[in-house]
Amino acid sequence: MTRELTHELSASDRYSQFRHFFRMPLWKVEELTDLLIERAYIPYPRSKSRQMEFRERTELLIMSSLYLLGTGSGFRSCQPLCSISTSEVRKFFFLFLDAICDMRSEQISMPSNITAYQRVEGMYSANGLPGCCGSIDVVHVRWSNCPAGDYNRAKGKESYPSLGFECVTDFNRRIMSIYGPHFGSRNDMDIVKTDKSVAAMSKKSLFRDARWKYYDQDGEVRTNRGAYLICDNGYLRWPTTICPFTRVDVGSAQGYFTTHLEGIRKDVECTFGILKKRWRILNNGFFYRQVKVCEKIFVTCCWLHNFLLDLMDRTNINLGRGAPIGNDGLWLSGPSDSEPPADEGKNDRILSEQFSHRRAQLVHHLHMFRRMGAIE
């Protein structure tokens, strides 16, 4: 009777007490439990007494992990709620993080075929941005237990040390890519240079050869090739990262394009807001010194965010500690082996010209799109 009542309350009311504590209805908790048990992420107990209560105990442990992620509470707060020892809750929490990160590619991935790409691109094309494959931005999460040796490197534009994660989201706020963590002192221009998801826009044939139609300045339908991402003005002027104009007249075609792009690009900002308010452990800050644990927590929250989209209406490295690390700790994963090409300045100039040309095409298309409608 209690379970049936909980099913009804948690499914019908999004502000119910159950969903307040665990951020999802009971049937989603059961689905997540089945997934972890079927894939043997949770070891089957040996003792007969534990085998009889294996299913119920597993659900309670998963709900404890969701409670910790959703409220940012400590491990000791779960013991009076689920009658499971603090050590067991702590042990299962890290097992839960490892299991979700192992299934990362099932919920967090860029389009892998033409059908998936067209599904994402079609949403942006219907809103006046043909060829767009997502929005990109960097979110910073407070690193509350930052080691003293990393304090200066981790403190960037915020007044506190933080870790940055570059995310790519689609029009429906699904997180498709995560790149990080990075020290908070690194800006968006530095991070995007080594992001493989952005590099795939110009190297992977699915995105490089993707064709899309647009209006030219005379209203004729033309065809262009190559997918791109939309971003803010903190990114490099690349043809794969299209940003708005700065200091233009609002009444001009460039001003309308800027306002429209900024409105569409807010999907990534809204995603970050949903993440931090739904999973308060991100809003409160990482209380772990190990960078790998912080990364697993962020990936788990993003995985669960995608796992719950159907409910919406729309290495163990201890950095710092006083010890020097290679390349002054600029990269959390170690210094990069690749060196910039000798003609990097020339390539930057070519990319900037391609960026200006593509953005001008999109400005003309949006101007005609407003008058003539979408291209069939």
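Keep in mind that this is a model prediction, so the values were computed, not measured. Starting afresh in each chain, residues are numbered from 1 along the sequence in its written order. For this predicted model, a pLDDT threshold of at least 70 governs which residues receive local features, and a threshold of 80 or more governs which side-chain atom pairs are given and counted, while totals over whole chains, interfaces and linings are taken from all residues. Side-chain metrics in this entry use all non-hydrogen atoms of the structure; hydrogen atoms and water are not considered.

Two rings from Phe, Tyr or Trp (for Trp, the six-membered ring) form a pair when their centres sit within 6.5 Å of each other. Planes less than 30 degrees apart are called stacked, planes more than 60 degrees apart edge-to-face, and all others tilted. Under the criterion given, the structure shown has 17 aromatic pairs. Seen from their ring centres, W212 and Y214 are 5.7 Å apart, and the 55° between their planes marks the pair as tilted. Relative accessibility under 20% of the residue-type maximum defines a buried residue, over 50% an exposed one, and the middle range a partly exposed one, all with a 1.4 Å probe and only protein chains included. Note on W212: relative accessible area 3%, which makes it buried. Among the aromatic residues, those joined into a cluster by ring pairs are F18, F21, F22 and Y67. Here, over-ring charges are defined by two tests on the NZ atom of lysine or the CZ atom of arginine: distance to the ring centre within 6 Å, and angle to the ring normal within 35 degrees. Sitting above the plane of the F307 ring, K28 keeps its charged end 4.1 Å from the centroid.

So, on to the pairing of strand β2 (residues 162-169). Looking along a regular strand, one sees the side chains alternate between the two faces of the sheet. Numbering of helices and strands runs from the N terminus; a helix is a DSSP stretch of H or I covering at least four residues, while a strand is a stretch of E covering at least two. Buried residues dominate β2, accounting for 8 of its 8 residues. Across the two faces of β2 the burial is the same, with S162, G164, E166 and V168 and L163, F165, C167 and T169 all buried. Pairing of strand β1 (residues 132-142) with β2, which is carried by 8 bridges, proceeds in the antiparallel orientation. Across the sheet, V138 pairs through a bridge with E166, a residue of β2. Following DSSP output, two strands are said to pair if at least two bridges run between them.

Put simply, buried Ala, Val, Leu, Ile, Met, Phe, Trp, Tyr and Cys residues joined by side-chain atoms within 4.5 Å make one nonpolar core. Membership of the largest hydrophobic core comes to 61 residues, with the highest contact counts inside it found for F96, F286, I297 and F298. Dropping the residues within four chain positions of it, F286 is found in contact with V141, R142, W143, S144, N145, L163, F165, I281, C294, I297 and F298. Here a residue-residue contact requires only that any non-hydrogen atoms of the pair lie within 4.5 Å.

Read these as spatial facts, not as claims about activity.
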